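Summary of the model geometry
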Amino acid sequence: MKTQNNQLPTGGSRAVRLDSFGGPEVLDVREVPAPQAGPGQLRVRVTAAGLNPMDWVITADADAAARFGLSLPAGFGTDYAGVVDQVGDGVRSFAPGDRVFGGALSRAVADFVVIEPAGGTAANEVHHTPDGVDDRTAATLTIAGRTASAALATVVPGPDDTVLIGGAAGGVGVFAVQLARIAGARVIGTGSATSADYLRDLGAEPVAYGDGLADRVRALAPGGVTAAIDLYGVETVHVARELGVPDDRICTVAAQVDGVPSAYAPNAAPGALEEIARLVETGRLRVPVAASFPVDQIRRATELQAGRHVQGKIVIDL
Ligand SMILES: NC(=O)c1ccc[n+]([C@@H]2O[C@H](COP(=O)([O-])OP(=O)(O)OC[C@H]3O[C@@H](n4cnc5c(N)ncnc54)[C@H](OP(=O)(O)O)[C@@H]3O)[C@@H](O)[C@H]2O)c1
């Protein structure tokens, strides 16, 4: 095994742990033995972890946790970025000192995570962080970037399209809006009044969600909407249908609707995440970090995320 000096934080190795499933109140920062990389594995000294709704959804109750193979005591968080500090036998593409980011299912908010590079899904994956991408940003890419990419691959927006994106100001929305714009589409994004300027900055034309949405979209796009992605629930699906968008050009990520395709983070095309990281590095895509918190404020950070009105991403510093 190859190693580098870990720069262990004072007091040893910390991890967010929960002894019972529930809300933010069950999250605690604990001293734990640092995990060790075995053959085919590497260990990352995590410097930043990005939060996603799935973090608190899958740890909210035993049934949800069981669907993701979690048992107690459980860890928390999936998106991470940091530096490789141990490499087990048989790992060839990574070396100690490499800057990396990726996904570690419900164990990322910790000083160390162990990853199997051959894993290859959002639950267990690692990528080199481009030089021009800082760790906080890299820690936001995996789940939201994969999900947006999978959703865009479902509706395939292009220069002739006007795409309605529901929940456009959230973590997945920032990627979906910008990727659709890069593909040449006109984007109308739903959000609250508070998010209007933010959506404009991302490249979307803002429209308020809620009653009357179809009329507001008609007024903005009298020529019609040709594709839609619902990142929040089903309102955008119903409005898109009402506006004549065919089901095969509508996509959900947060709910299922009969006849409408759903996109999932693990379904993103191979290389999609590297492409997103390259877009970030070259300044063509930016990821607004709405707030960052030290790990001992994990409950506060998770409460903010679970409020569902964050513009962009929340990051935990380690
Ligand atoms: N299928 C998958 O693999 C997959 C992967 C990732 C995420 N997801 C799901 O996708 C959804 C979006 O994830 P995310 O990370 O983007 O969530 P998020 O960051 O928590 O989304 C927050 C955004 O939701 C907006 N919002 C709040 N109420 C809304 C409403 N009634 N209608 C439309 N938008 C509303 C907010 O806008 P305002 O502040 O302007 O109200 C805010 O910008 C979640 O349900 C998540 O569980 C699924």
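Procedures and definitions
Residues numbered from 1 in each chain as written. Predicted model: local features only at pLDDT ≥ 70, side-chain atom pairs only at ≥ 80, totals over all residues. Helix = DSSP H or I, 4+ residues; strand = E, 2+ residues; numbered from the N terminus. Rg over C-alpha atoms; globule rule 2.2 N^0.38 Å. Buried ≥ 20, exposed ≤ 12 C-beta atoms within 10 Å, placed from the backbone. Contact = placed C-beta atoms within 7 Å. Arc of directions from axis to C-beta. Near = placed C-beta within 6 Å. Nonpolar A, V, L, I, M, F, W, Y, C, P; charged D, E, K, R; others polar. Domains from an automatic or database assignment. Pairing = 2+ DSSP bridges. Axes fitted to C-alpha atoms, helices over the stretch in contact; angles between N-to-C directions. pLDDT = per-residue confidence, 0-100. Parallel < 35°, antiparallel > 145°, perpendicular 65-115°, else oblique. Left-handed = near helix turned anticlockwise from the far one by under 90°.

A closer look at the overall build of the protein chain
- Check the secondary structure of the protein chain and you find ten helices and 15 strands.
- Its C-alpha atoms give the protein chain a radius of gyration of 20 Å, within 12% of the compact-globule value 20 Å for 318 residues.
- Along the longest, intermediate and shortest principal axes, the C-alpha atoms of the protein chain span 60 × 40 × 35 Å.
- Counting all 318 residues of the protein chain, 50% fall into the buried class.
- A fraction of 66% describes how many contacts in the protein chain between residues 6 or more apart in sequence connect residues 24 or more apart.

Comments concerning helix H10 (residues 298–306)
- Looking only at H10, the buried set comprises Ile298, Ala301, Thr302 and Gln305. Viewed along the axis of H10, the buried residues span an arc of 95°, placing them on a single side of the element.
- Looking at the packing, one finds that the buried side of H10 touches strand S2 (13–17), strand S3 (28–32), helix H1 (53–57), strand S14 (289–294) and strand S15 (313–317).

Describing the site of the ligand
- The environment of the ligand is formed by 30 residues, the closest being Ala169, Gly170, Gly171, Ser195 and Ala254.
- Class assignment for the residues of the shell around the ligand results in 15 nonpolar, 14 polar and one charged.
- Looking at which domains feed residues into the shell around the ligand, each of domain 1 (2–141 + 287–317) and domain 2 (143–266) supplies at least three.

With respect to the domain arrangement of the protein chain
- According to the domain assignment, the protein chain consists of domain 1 (2–141 + 287–317) and domain 2 (143–266).
- Class assignment of the residues belonging to the side of domain 1 that touches domain 2 gives a composition of six nonpolar, seven polar and two charged.

Describing the environment of Gly158
- Here Gly158 lies in the loop between helix H4 (142–155) and strand S9 (162–166).
- The sequence separation of Gly158 and Val126 amounts to 32 residues, and the corresponding C-alpha distance is 30 Å.
- Aside from chain neighbours lying at most four places away, what touches Gly158 is Ala183, Gly184 and Ala185.

Quick look at the sheet that holds strand S10 (residues 186–191)
- A sheet is described by the order of its strands in space; here five strands give the open sequence S11-S10-S9-S12-S13, paired in parallel fashion. Every other strand in the sheet has two partners, leaving strand S11 (205–208) and strand S13 (250–252) as the edge strands with one partner each. Recorded for the sheet is a direction-independent mean angle of 20° between the axes of neighbouring strands.
- Of the strand pairs in this sheet, S9 and S10 are connected by four bridges, and their pairing is parallel. Residue pairing for S10: Thr162 is matched across the bridge by Arg186.

Points about the environment of Pro157
- The residue Pro157 is located in the loop between H4 and S9 in this model.
- In this structure the C-alpha to C-alpha distance between Pro157 and Ile182, which are 25 residues apart in sequence, comes to 9.7 Å.
- Excluding residues that lie within four positions of it along the chain, Pro157 makes contacts with Leu152, Val163, Ala180, Ala183, Ala185 and Ala227.

Brief notes about the confidence of the model for the protein chain
- Per-chain confidence: the protein chain averages 95 in pLDDT, with 97% of residues scoring 70 or above.
- Contacts from residues 5–11, a stretch scored under 50 in pLDDT, to residues over four places away or in other chains number six contacts.

A closer look at the packing of helix H7 (residues 213–220) against helix H8 (residues 235–242)
- Packing of H7 against H8 leaves a shortest axis separation of 9 Å and a crossing angle of 55°. Relative to H8, the element H7 is oriented oblique. Note on packing geometry: the crossing formed by H7 with H8 is right-handed. Between H7 and H8, the residues in contact are Leu213, Ala214 and Val217 and Glu235, Val239 and Glu242, respectively.
- Classifying every residue of the contact of H7 with H8 by side-chain character gives four nonpolar, no polar and two charged.

With respect to unusual backbone geometry
- For the bond from Leu72 to Pro73, the omega torsion is -5°, close enough to zero to count as cis.
- Secondary-structure assignment places Pro73 in the loop between helix H2 (62–67) and strand S5 (79–87).
- Residue Val156 is not a glycine yet carries a positive backbone phi of 45°.
- Classification of Val156 as exposed rests on a count of 11 C-beta atoms within 10 Å.

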